[in-house]
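In case you want the letters, here they are:
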Amino acid sequence: MTPPSAPSAADDLKPPPAWHAGRHLLSVTDLGAEGIEEVLRVSDAFVEVASRPIPKVPALRGRTVVTLFAEESTRTRLSFETAAKRLSADVLSFSVASSSVKQGESLRATVETVAAMGVDAFVVRHSSAGAPAQVARWVDAAVINAGDGWHEHPTQALLDCYTIRQVLAERAGRLVSEAGVKDFVGLRVAIVGDIAHSRVARSGVLALAALGAEVTLVAPGSLVPPSLEGWPVTGVSHDLDAVLPHVDVCYLLRLQTERGAGSFLPSVREYTAGYGLTARRAGLLADGALVMHPGPMNRGVEIADEVADLPRSLILRQVANGVAVRMAVLFLLLGQVVGGDAAGAVADLGHAAAGDG
Ligand code: CP
C-alpha cells in the first residue's frame with residue numbers, strides 16, 4: 001500500500017506537453033480537432049478511474065476549483081464538482097442567487113473577492129454570452145465556460161463526442177482507448193429543435209464538424225438562427241421525418257421556453273407534432289442510430305417518454321461520461337503531468353492513489 005502521505009507520481013509533476021488549448025476553456029474553438037482528441041483520450045483514463053471502488057486520484061491535490069453559477073444547473077454543476085473532488089481538489093460552490101451580488105455587489109467585485117481566497121479555476125455559468133471570457137480577464141485563474149447564454153457549452157460538446165466515440169468503439173469491438181477520432185469522419189448527425197437559443201447546438205456543431213462529422217440542423221424556420229455564419233453545418237431541414245432514416249445520431253434539444261422559444265411557435269403541441277421524437281418517428285431511424293439529449297429533458301415535448309428510455313438512447317451515459325470528461329478538462333488545465341503522455345500519467349497517478357502503484 002502507498003500511504004496517503006508517501007511520495008508518489010503526484011509529487012513530481014511537469015506541465016502536460018500534449019495540451020493544445022490555452023489557459024482557459026471558453027469555446028470549442030479554443031481546442032481545435034487536436035485539443036478535442038486530447039480531451040477524449042485523457043477522458044479514457046478517468047472513465048477507468050470511475051470504475052474503481054475508490055474513484056479518486058491525487059492529481060489536483062492542493063488546487064482550488066470554484067463553481068460560479070448564475071443560472072440553474074443540475075448536471076453541469078454537480079458533474080464539475082464531482083470531477084474536481086475525484087481529482088482531490090478543494091471545491092468552493094458559489095451560487096450568485098445567494099451571494100452578495102443580490103445586495104448590489106458587482107459580478108467583477110464578487111469574482112475578484114473569491115479569487116483573493118486563492119483559486120486555481122473558475123467554472124462559470126451565466127445567462128450572458130461572453131461572461132466567462134469577461135471573468136477570464138479579471139482573474140489569474142483558469143476559467144471554464146459551463147454555459148454562457150446562447151453562446152457555447154464546450155464541455156457538453158466534449159462529453160457528447162466522448163459518448164459517441166465510446167459507443168462506436170464498443171460496437172466495433174475495439175478498446176475505446178484505441179478508437180482515436182476516425183469514427184467521426186462522415187458520421188451523420190442531426191441536431192433537432194431549438195437551435196436558435198441553444199449553446200449546446202453551437203458547441204456541438206463546432207466539435208463534431210472539427211472531427212469530420214456531417215451535421216444537419218432540423219428545426220422550424222423560427223428556431224433556426226437568423227445567420228449561420230460560423231456554423232459549419234452540412235445543411236438545414238424543416239422535415240424531421242425525411243432526415244431521420246439517414247442519420248447515425250439524432251441529437252435532440254430542449255425547447256428553451258425560459259429564453260422565449262415558446263413565442264416563436266404557434267404552440268408547444270404543434271412543435272411536438274412537427275419536431276418531437278415520438279415513438280412513430282423513432283421507428284424511422286436506422287437500426288444502429290443513436291438518440292442523444294443534453295438534458296434537462298421535456299419528456300412528451302421534444303422526446304417521447306418511451307423513446308427516452310430505449311436502449312439506443314444514451315442520455316444517462318452522457319451524464320456518466322460528463323464526470324470523466326470534466327476531470328480531463330480540469331486535469332489538462334490545472335494538472336501537471338509526469339512525462340509526455342497525459343493519459344498514461346493519469347493512470348499512473350490513479351494506481352498510486354489506489355495503493356497498487
Ligand atoms: N446539460 C446541461 O447543461 O444540464 P444542466 O443545465 O442541468 O447543467
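Residues numbered from 1 in each chain as written. Predicted model: local features only at pLDDT ≥ 70, side-chain atom pairs only at ≥ 80, totals over all residues. Heavy atoms only, no water.

1. Here we look at the sheet that holds strand E9 (residues 290-292)
Part 1: The sheet built from five strands is open, its strands ordered E7-E6-E5-E8-E9 with parallel pairing. Every other strand in the sheet has two partners, leaving strand E7 (235-237) and E9 as the edge strands with one partner each. On average, adjacent strands in this sheet sit at an angle of 20° to one another, irrespective of strand direction.
Part 2: Sheet analysis places strand E5 (residues 188-192) next to strand E6 (residues 214-218), joined by five bridges and oriented parallel. The residue of E6 that forms the bridge with Val-192 is Val-218. (Pairing = 2+ DSSP bridges. Helix = DSSP H or I, 4+ residues; strand = E, 2+ residues; numbered from the N terminus. Axes fitted to C-alpha atoms, helices over the stretch in contact; angles between N-to-C directions.)

2. Considering the environment of Ser-263
Part 1: Turning to its location among the elements, Ser-263 is positioned in the loop between strand E8 (249-252) and helix H8 (268-275).
Part 2: Between the C-alpha atom of Ser-263 and that of Ser-222, which follows or precedes it by 41 residues, the distance is 9.5 Å.

3. A few points about the site of the ligand
Part 1: Around the ligand, the neighbouring residues are Ser-73, Thr-74, Arg-75, Thr-76, Arg-125, His-153, Gln-156, Pro-294 and Gly-295.
Part 2: One of the backbone N or O atoms of Arg-75 is found 2.9 Å from an oxygen atom in the ligand.
Part 3: His-153 is positioned such that a nitrogen or oxygen atom in its side chain is 2.9 Å from an oxygen atom of the ligand.
Part 4: Summarising the interface, the protein chains cover 91% of the accessible area of the ligand, which totals 260 Å² for the free molecule.
Part 5: The residue inventory of the shell around the ligand, partitioned by class, reads one nonpolar, six polar and two charged. (Near = heavy atom within 4 Å. Polar contact = N/O pair within 3.5 Å; in protein donor to acceptor, adjacent residues only side chain to side chain. Areas by Shrake-Rupley, 256 points an atom, 1.4 Å probe, with all protein chains shown as cover. Nonpolar A, V, L, I, M, F, W, Y, C, P; charged D, E, K, R; others polar.)

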